[in-house]
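In case you want the letters, here they are:
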Amino acid sequence: MKRKHSGTGRVDVKVMRWNPEFDDAPHWESYTVEYEPMDRILDALHQIKWYEDGSLSFRRSCGHGICGSDAMVINGVNRLACKTLIKDLKHPITVEPIRGLPVEKDLVVDMEPFFDSYKNIMPYLVNDDPSPGGERLQSPEDRERYDDTTKCILCAACTTSCPVFWSDGEYAGPAAIVNAHRFVFDSRDKAGDERLQILAQKDGAFRCRTTFNCTDACPRGIHVTRAVQEVKREILNRSI
Ligand code: FES
């Protein structure tokens, strides 16, 4: 079955495929895809799945860079498929699952280890003080202190671009540290010390080797390495 409308261009897309039920090892499969100037890698994957091979597996939901479900390695770099234009890439294009997490099938990885690290740093506001009778207010300056790290969409592009995480899956990883940062520097939160104690442990923030892969990979433009450095410094400042 072919796409209903002809595209203005054609591109070869190589996808790393692996079905644990049938394959001994991952392997490349090639597809030729027609595309329009504003088509993204997600559109190419849809075209392959809908018109060429319905067995191709990948995650996506919003299609607009919000849900964080379609991070993958595109031409060797971690990106969101829904935010990556085909015309901006060198051809042929390669698409692989993100690295360092167990592959379940094709481009789908097991995200549980990633979310376990995220849950471990208590990614929610902790404040048991009596309610002030309304919202817990803070100044624009206090809000600005952690604004950058509120942008995380938990796509795992940062953590799965990190060589430390590739070699040691126990490392908390940049995404967990970024989300700890978001609360540690929130003037309303009371559990900063607890989070920093978790990140002061051997698999915490000091495993970071400042390679900046995480910052380069972040589709939201978060200064990930800077946030990790600020968390490290705060651990030392508070003598944790
Ligand atoms: S599909 Fe939601 S971020 Fe790409």
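**So, the environment of Val-164**
Here Val-164 is to be found in helix α4 (residues 163-167). By relative accessible area, which is 12% here, Val-164 ends up buried. Taking the C-alpha atoms as reference, Val-164 lies 26 Å from Tyr-124; in sequence the two are 40 residues apart. Excluding anything up to four places from it in sequence, Val-164 contacts Tyr-171, Arg-207 and Arg-209.

**Things to note about the packing of aromatic side chains**
Scanning the model with the defined rule gives two aromatic pairs in all. Note on Phe-114 and Phe-115: the rings are 5.1 Å apart at their centroids and 80 degrees apart in plane angle, and the pair reads as edge-to-face. Residue classification places Phe-115 among the partly exposed residues on the basis of a relative accessible area of 27%. Ring centres of Phe-115 and Tyr-118 lie 6.3 Å apart, and the angle between their planes is 75 degrees; on these two criteria the pair is classed as edge-to-face. One end of the pair is Phe-115 and the other is Tyr-118, both in helix α2 (residues 112-120) and three residues apart, which spans about a single turn. Taken together through their ring pairs, the aromatic side chains of Phe-114, Phe-115 and Tyr-118 make up a single cluster. Of note, Arg-145 hangs over the ring of Phe-185, and the distance from its end group to the ring centre comes to 4.0 Å.

**Details of the pairing of strand β1 (residues 9-17)**
Pairing of β1 with strand β2 (residues 27-35), which is carried by nine bridges, proceeds in the antiparallel orientation. The residue bridging Lys-14 from the neighbouring strand is Ser-30, located in β2. Bridging between β1 and strand β5 (residues 93-96) involves three bridges; their strand directions are parallel. Bridge pairing links Val-15 to Val-95 in β5.

**As for the sheet that holds strand β4 (residues 77-80)**
If you walk across this open sheet you meet the five strands as β2-β1-β5-β3-β4, and the pairing is mixed. Two strands bound the open sheet, and with one partner strand each, they are β2 and β4. When strand polarity is set aside, the average angle formed by the axes of neighbouring strands in this sheet is 35 degrees. Sitting on the sheet, helix α1 (residues 41-52) is in contact with β1, β2, β3 (71-74) and β5, with an inclination near 100 degrees to β2.

**Things to note about the side chain of Thr-149**
Of note, Thr-149 is situated in the loop between α3 (140-144) and α4. We classify Thr-149 as buried; its relative accessible area is 2%. In terms of polar contacts, Thr-149 uses its side chain to reach the side chain of His-181, at 2.9 Å. Setting aside its immediate chain neighbours within four residues, Thr-149 contacts Val-178, His-181, Arg-182, Ile-222 and Ala-227.

The rules behind these values
- Residues numbered from 1 in each chain as written.
- Predicted model: local features only at pLDDT ≥ 70, side-chain atom pairs only at ≥ 80, totals over all residues.
- Heavy atoms only, no water.
- Helix = DSSP H or I, 4+ residues; strand = E, 2+ residues; numbered from the N terminus.
- Buried < 20%, exposed > 50% of the residue type's maximum accessible area, 1.4 Å probe, protein only.
- Contact = heavy atoms within 4.5 Å.
- Phe/Tyr/Trp six-rings, centres within 6.5 Å; stacked < 30°, edge-to-face > 60°.
- Lys NZ or Arg CZ within 6 Å of the ring centre and 35° of its normal.
- Pairing = 2+ DSSP bridges.
- Axes fitted to C-alpha atoms, helices over the stretch in contact; angles between N-to-C directions.
- Polar contact = N/O pair within 3.5 Å; in protein donor to acceptor, adjacent residues only side chain to side chain.

Bear in mind that shape data such as this cannot, by itself, settle questions of function.
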